[in-house]
Amino acid sequence: RYSAVDGDKPGVSRLNHSLTVDYSHTFGKVDVQASAFVAVENMALYNVLGDTVDVGMANLYLDFLGKKAQFKPWTQGVYVKLNWEDYTVGAQFNAMTNYNLLGKGSLLFGVQYEHFSLNNGTLRIGGGYSSSQVYSSDSVFNDGAEDSYSVYAQLKHYFTPRLILNAGLRYDHKVRYAGSPLDHLSPRLSVIYKFSP
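What this report covers is the structure whose coordinates are included nearby. Not measured: the values here are computed from a predicted model.

Another aspect to go through is the overall build of the protein. When helices and strands are counted, the protein shows one helix and eight strands. Reading the protein from its N terminus to its C terminus gives the helix and strand order β-β-α-β-β-β-β-β-β. Counting all 197 residues of the protein, 26% fall into the buried class. Approximately 12,600 Å² of the protein is accessible, and the part contributed by carbon and sulfur atoms is 59%.

As structure tokens, then:
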């Protein structure tokens, strides 16, 4: 009996579109890889609270969400509809080269960027099984964006075909929508011994 709200019937729907472009080439002794992507997501959660809802419980639910009904809430066909849209774009570039110095090994350097944006986050509370009877239609998420920047390096050195050193370092800087930026340094070090091929 619940009518469609924005074309959606009760349930959860998620629509994703993504596009990725990859490139790789060898310049002399250096292998280069690059990629870029964009991903768009639309999410809808149409949740049926109940065919029959007690008035006190309906008011309690509205209070919990910080919403105040301007009139006596419906007690039949009550629902909540949550929608949001987001997109992410990013790019990555790395270069790797092999060397012979006190054994064989490889060096890898790279950079990465990512932008995330959230918009159109809305919450609707309605009743009467109808999309035309809505308690409220407010923004539940603030529109905003965040950016991430990263650089990384990795050394993989073969002292022997069985004894391997793997060392890496990554630095991330994130500009957040709320709060101060985050800076994180992640070192990695491991020694590997292969008992058999």
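This paragraph deals with unusual backbone geometry. Even without being a glycine, Asp6 presents a positive backbone phi close to 55°. Located in the positive-phi region is Leu102, a residue other than glycine, with phi close to 55°. Along the chain, the position of Leu102 falls in the loop between strand S3 (76-100) and strand S4 (104-126).

The topology assignment puts Gly90 in strand S3. Distance from Gly90 to Tyr149, taken between C-alpha atoms, is 9.8 Å for residues 59 residues apart in sequence. Leave out the neighbours within four places in its chain, and Gly90 touches Ser35, Ala36, Phe37, Tyr113 and Glu114.

As paired elements, strand S7 (residues 163-175) and strand S8 (residues 182-193) share twelve bridges and run antiparallel to each other. From the neighbouring strand, Lys174 faces S8, where its bridge partner is Leu182. Count of turn residues in the S7/S8 antiparallel hairpin: six residues, of which Gly179 carries a positive phi of about 95°.

A separate point is the pattern of salt bridges. Under the counting rule described, the total for this entry stands at five salt bridges. For the salt bridge of Asp6 with Lys81, the shortest nitrogen-to-oxygen distance reads 3.8 Å. Linking Asp6 in the segment before strand S1 (11-27) with Lys81 in strand S3, this pair joins segments that are 75 residues apart in sequence. When its relative accessible area of 1% is taken as the criterion, Lys81 is described as buried. Between Glu146 and Lys174 there is a salt bridge whose closest N-O contact spans 3.3 Å.

Definitions and limits used
- Residues numbered from 1 in each chain as written.
- Predicted model: local features only at pLDDT ≥ 70, side-chain atom pairs only at ≥ 80, totals over all residues.
- Heavy atoms only, no water.
- Helix = DSSP H or I, 4+ residues; strand = E, 2+ residues; numbered from the N terminus.
- Buried < 20%, exposed > 50% of the residue type's maximum accessible area, 1.4 Å probe, protein only.
- Areas by Shrake-Rupley, 256 points an atom, 1.4 Å probe, with all protein chains shown as cover.
- Contact = heavy atoms within 4.5 Å.
- Pairing = 2+ DSSP bridges.
- Salt bridge = Lys/Arg side-chain N within 4 Å of Asp/Glu carboxyl O.

These values are about where atoms sit, not about what they do.
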